[in-house]
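# Observations on the model geometry
One letter stands for each residue in the lines below.
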Amino acid sequence: MRFEFSRHQDGAAASSFDLGDLRLVLDSADVSSAGHRPSRSMMIYLGIVHLVDGLSKVAEGNASRFLFVGPDSSFSLNFQRKNDVLTVTAGNAFIGSAPLSDVLAALLAGISAFLEDPGNELAVNEPVAEDLEATLQRLRGLVSSSR
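The paragraphs below set out a description of the structure included in this document. Within each chain, residues carry numbers counting from 1 in the order of the written sequence. Since the coordinates come from a predicted model, pLDDT governs what is reported: local features require at least 70, and pairs of side-chain atoms require 80 or more to be given and counted, while whole-chain, interface and lining totals use all residues. Side-chain measures here rest on the full set of heavy atoms in the structure, leaving out hydrogens and waters.

Spanning 17 residues, helix H2 (residues 100-116) covers 24 Å between terminal C-alpha atoms, matching the ideal 24 Å at 1.5 Å per step. Only heavy atoms enter the contact rule, under which two residues are in contact if any of them lie within 4.5 Å. Only DSSP runs of H or I with at least four residues qualify as helices, and only runs of E with at least two residues qualify as strands; both kinds are numbered from the N terminus onward. On its buried side, H2 packs onto strand E1 (2-7), helix H1 (44-59), strand E6 (76-82), strand E7 (85-90), strand E8 (93-99) and helix H3 (129-145). Multiplying one less than the number of residues by 1.5 Å gives the expected span of a helix.

In structure tokens, the structure reads:
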């Protein structure tokens, strides 16, 4: 399982509201916001924050379901928890199931890989930078406690 994030780069410094795409590969399924007409790209940094916040609520037991809809996009993924397994669907299509701990670890790995690219690093004065950092700290804690 893996999450991949990308930003539509135009050579400019990363901005909180940049568009980008999310790709999820799970089992033999591969679903992405990229390559659709009309576009399903999303505000990627806000999308990461929203995705982590929603899955954190599921992991913490505050919700059993989470419908992720990319900010400024029609791209969506539905996550449903039963015991410690998360099932993912996109529309009516089954994407796959995986242990919650694996989903959280894959999400953290995907976000980390995205942010390791210097071109994707948000400046500290960007509006979403503080939320992004707080969200990542929360996710790191969940991953650590699920091992």
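Here we come to the packing of aromatic side chains. Two rings from Phe, Tyr or Trp (for Trp, the six-membered ring) form a pair when their centres sit within 6.5 Å of each other. Planes less than 30 degrees apart are called stacked, planes more than 60 degrees apart edge-to-face, and all others tilted. Across all of its chains, the model carries five aromatic pairs by this definition. Taking 5.6 Å as the distance between ring centres and 50° as the angle between the ring planes, the aromatic pair formed by Tyr45 and Phe114 counts as tilted. Here Tyr45 is found in helix H1, whereas its partner Phe114 is found in helix H2, with 69 residues between them in sequence. Aromatic rings pair up to connect Phe3, Phe5, Tyr45 and Phe114 into one cluster.

All right, on to the pattern of salt bridges then. Should a side-chain nitrogen of Lys or Arg be within 4 Å of a carboxyl oxygen of Asp or Glu, the pair is scored as a salt bridge. Using the criterion set out here, one finds eight salt bridges in the structure. The shortest N-O distance in the salt bridge between Asp30 and Arg23 comes to 2.4 Å. To sort residues, take the accessible area from a 1.4 Å probe on protein chains only and compare it with the maximum for the residue type: under 20% means buried, over 50% means exposed, and anything in between is partly exposed. Accessibility expressed as a relative area gives 46% for Asp30, which makes it partly exposed. As a salt-bridge pair, Asp53 and Arg138 come within 3.6 Å of each other at their nearest N and O atoms.

Within the secondary structure, Arg7 is located in strand E1. As used in this structure description, the phrase polar contact means that two N or O atoms lie within 3.5 Å; if the pair is within protein, one of them must be able to donate a hydrogen and the other to accept it, and residues adjacent in sequence are counted only when both atoms belong to side chains. Within the local environment of Arg7, its side chain forms a polar contact with the side chain of Asp18, the two groups lying 2.7 Å apart. Reaching out from Arg7, the side chain makes a polar contact with the backbone oxygen of Gly119 at a distance of 2.6 Å.

Right, let's get into the packing of H2 against H3. Put simply, H2 and H3 touch, their axes get as near as 9 Å, and they point 140° apart. The angle between H2 and H3 falls in the class oblique. Of the two elements, H2 crosses H3, and the hand of that crossing is left-handed. The residues of H3 that touch H2, namely those facing Leu104, Ala105, Leu107, Leu108, Ile111 and Leu115, are Leu132, Leu136, Leu139, Arg140, Leu142 and Val143. Class assignment for the residues of the contact of H2 with H3 results in 11 nonpolar, no polar and one charged. To define axes, lines are fitted to C-alpha atoms, for helices over the stretch in contact only, and angles between the resulting N-to-C directions are given on a 0 to 180 degree scale. For classification purposes, angles smaller than 35 degrees are called roughly parallel, those larger than 145 roughly antiparallel, those between 65 and 115 roughly perpendicular, and all remaining angles oblique. Crossing chirality is assigned from the near helix's rotation relative to the far helix, an anticlockwise turn below a right angle marking it left-handed and a clockwise turn marking it right-handed. Amino acids outside the nonpolar list (Ala, Val, Leu, Ile, Met, Phe, Trp, Tyr, Cys, Pro) and the charged list (Asp, Glu, Lys, Arg) are all regarded as polar, and Gly is one of them.

With that settled, the discussion passes to the nonpolar core. In this text, buried Ala, Val, Leu, Ile, Met, Phe, Trp, Tyr and Cys residues form a nonpolar core when linked through side-chain atoms within 4.5 Å. Counting 44 residues, the largest nonpolar core has Phe3, Phe5, Leu22, Leu51, Leu77, Phe79 and Leu107 as the members making the most contacts within it. When residues of this core are assigned to their parent elements, the largest contribution, nine residues, is made by H1. When residues no more than four places from it in sequence are discounted, the contact partners of Phe3 are Leu22, Arg23, Leu24, Leu51, Val103, Ala106, Leu107 and Gly110.

Quick look at the environment of Asp27 now. Position of Asp27 relative to the elements: it lies in the loop between strand E2 (19-26) and strand E3 (29-32). Classification of Asp27 by relative accessible area gives exposed; the value is 57%. Between the C-alpha atoms of Asp27 and Ile95, which are 68 residues apart in sequence, the distance is 7.7 Å. The contacts of Asp27, once residues within four sequence positions are left out, are Ile95, Gly96 and Ser97.

Relative orientation of the contacting elements H1 and H2 amounts to 160°, with a least axis distance of 11 Å. With respect to H2, the element H1 is oriented roughly antiparallel. Relative to H2, the crossing made by H1 is left-handed. Contact residues: Ile44, Tyr45, Ile48, Leu51, Val52, Leu55 and Ala59 in H1; Leu100, Val103, Leu104, Leu107, Ile111, Phe114 and Leu115 in H2. Residues of the contact of H1 with H2, tallied by class, amount to 14 nonpolar, no polar and no charged.

Shape is all these values report; function is a separate question.
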